[in-house]
Amino acid sequence: MSVHEETIAKIRQLPEPLLQQANNFIDFLLMKNNTNLQSSWTEFTDEGEIVESDFSDYLRNLEDYEERLNKGEIQW
C-alpha cells in the first residue's frame, strides 16, 4: 500500500468532527509547501504591512475591566 493510499484509508476512518481538522491541516501543509505563497507572504511582511500591536493599552484596559468587575459596575 502506498503512502497516498494509506493516508486516504486513515482519513476514511476518522469520525466526522475530526475531518475538518484533518482538512485544515492538509491545507496548512499545502500552503507551507507552496513556495509562491511563501514568497508572497515574506514580501508582504518585509514591507511592514502588518502593524504590530501595542499591548500596553490592552493591559491597562484589562486592569480597568477587572476593577469594574470587582466593584460590581459590570457583570461577566
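The rules behind the values
Residues numbered from 1 in each chain as written. Predicted model: local features only at pLDDT ≥ 70, side-chain atom pairs only at ≥ 80, totals over all residues. Heavy atoms only, no water. Helix = DSSP H or I, 4+ residues; strand = E, 2+ residues; numbered from the N terminus. Buried < 20%, exposed > 50% of the residue type's maximum accessible area, 1.4 Å probe, protein only. Areas by Shrake-Rupley, 256 points an atom, 1.4 Å probe, with all protein chains shown as cover. Patch = residues over 30% accessible without salt bridge, like charges linked within 9 Å, V, L, I, M, F, W, Y side chains within 5 Å. Salt bridge = Lys/Arg side-chain N within 4 Å of Asp/Glu carboxyl O. pLDDT = per-residue confidence, 0-100.

Here the focus is the overall build of the protein chain. Along the backbone of the protein chain there are 4 helices and 0 strands. Tracing the protein chain from N to C terminus, the helices and strands come up as α-α-α-α. The burial tally for the protein chain puts 1% of its 76 residues in the buried class. Surface accessibility of the protein chain: about 7,400 Å² in total, with carbon and sulfur atoms responsible for 54%.

Looking now at a nonpolar patch on the surface. A surface patch of nonpolar side chains, about 640 Å² in accessible area, is lined by Tyr 58, Leu 59, Leu 62, Tyr 65 and Trp 76. Tracing the backbone through its elements, the reader meets Tyr 65 in helix α4 (residues 55–71). Looking at Tyr 65, the relative accessible area reads 33%, which means it is partly exposed.

As a further point, take the pattern of salt bridges. A side chain of one charge can pair with a side chain of the opposite charge when the charged atoms of the two come close. A complete count under the given rule lists 3 salt bridges for this structure. Ionic pairing is found between Glu 67 and Lys 71, a salt bridge with its closest N-O pair at 3.2 Å. Note that Glu 67 and Lys 71 are positioned in helix α4 at a spacing of 4 residues, about one turn of the helix. Judged by its relative accessible area of 43%, Glu 67 falls in the partly exposed class. When its relative accessible area of 55% is taken as the criterion, Lys 71 is described as exposed.

A low pLDDT means the predicted coordinates there should not be read in detail. Per-residue confidence for the protein chain gives a mean pLDDT of 77; residues scoring 70 or more make up 71%. Confidence scores differ between elements of the protein chain, with helix α3 (residues 35–46) showing the lowest mean pLDDT of 58 and helix α1 (residues 3–13) the highest of 93.

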